[in-house]
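# Survey of secondary and tertiary structure
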Amino acid sequence: LWTIDEATDINHLVNISSVGYSTLFLNYPVAIPDGVAAYTANEIIDDKWLNMQEITSGVIPAKTAVVLRGDAGIYNFALSNEPRTVVEDIFTGTLYKQTITKESDKYYVLANVDITPDDGEDNKEVGFYNAVSGNNTDEFINAANKAYLHIPEASKTVFFGFRFEDGETTGVGE
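About the cut-offs
- Residues numbered from 1 in each chain as written.
- Predicted model: local features only at pLDDT ≥ 70, side-chain atom pairs only at ≥ 80, totals over all residues.
- Heavy atoms only, no water.
- Helix = DSSP H or I, 4+ residues; strand = E, 2+ residues; numbered from the N terminus.
- Buried < 20%, exposed > 50% of the residue type's maximum accessible area, 1.4 Å probe, protein only.
- Core = buried A, V, L, I, M, F, W, Y, C linked by side-chain atoms within 4.5 Å.
- Contact = heavy atoms within 4.5 Å.
- Phe/Tyr/Trp six-rings, centres within 6.5 Å; stacked < 30°, edge-to-face > 60°.

Of regular secondary structure, the protein chain possesses 0 helices and 15 strands. By residue count, 41% of the 174 residues in the protein chain fall in the buried class.

The subject of this paragraph is unusual backbone geometry. Unlike most non-glycine residues, D46 shows phi in positive territory, near 55°. Considering the arrangement of structural elements, one finds D46 in the loop between β4 (36-45) and β5 (49-54). Phi is positive for D47, which is not a glycine, with a value near 55°. Assignment of secondary structure puts D47 in the loop between β4 and β5. According to the relative accessible area criterion, D47 is partly exposed, its value standing at 43%.

Right, let's talk about the nonpolar core for a bit. In terms of nonpolar packing, the biggest core is built from 19 residues, with L50, M52, F91, F128, L149 and F162 touching the most fellow members. Counting only elements with at least two residues in this core, the list comes to β4, β5, β12 (124-130), β14 (146-151) and β15 (159-163). Not counting residues up to four positions away in its chain, the partners in contact with L149 are L50, I90, F91, K106, Y107, Y108, F128 and F160. Formed by 15 residues, the second largest nonpolar core is a distinct cluster that contains L24, L26, A38 and I60.

We now examine the packing of aromatic side chains. Throughout the structure, instances matching the rule amount to 10 aromatic pairs. Measuring from ring centre to ring centre gives 5.4 Å for Y21 and F162, while their planes differ by 45°; the resulting arrangement is tilted. Residue Y21 is located in strand β2 (residues 21-24), and its partner F162 is located in strand β15; the two are separated by 141 residues in the primary sequence.

Turning to its location among the elements, N112 is positioned in strand β11 (residues 106-114). In this structure N112 comes out as partly exposed when scored by relative accessible area, which is 29%. The spacing of N112 and G127 is 15 residues in sequence and 6.6 Å in space, taken between C-alpha atoms.

Along the chain, T40 falls in strand β4. According to the relative accessible area criterion, T40 is buried, its value standing at 3%. Excluding residues within four positions of it along the chain, T40 makes contact with N51, M52, Q53, I55, T64, A65, V66, V87, E88, D89 and F91.

Any link to function would need more than the numbers given here.
Spelled out as structure tokens, the structure:
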């Protein structure tokens, strides 16, 4: 005889690196832990900035792809029983490790890349960069429960920085 019990204690651990950012995409709502801010993006500004909007409710809705910002560490995102409506967002995500075929669209993933590698200085900038897997430019692999940016038209932009509500930015042209 089988019994089905309601799942009441589901957690998802996220590592925010020393860069201070990560992404998350889950199919259930989770509480945002102390020390972490979660952001969606609702538009692209000047073909180079993602307009970042903080989720202030304390809960990331199910199936909402977000960028996380916080100090380096491992954070516990616990199941929330507070249902929330999916937030309108230009990010998307995968629930399992998935190979994405690019076709004519453009795809971007969170990275910290030296934007001027030939000048001999460390000029790393956090943002969403054109997604590639090694030498293969036709597809990329997105990790489980991670967000990415899909632009459904050909774009020449290689990098999108963040523009936060307080005016702070990341990326070229700060």
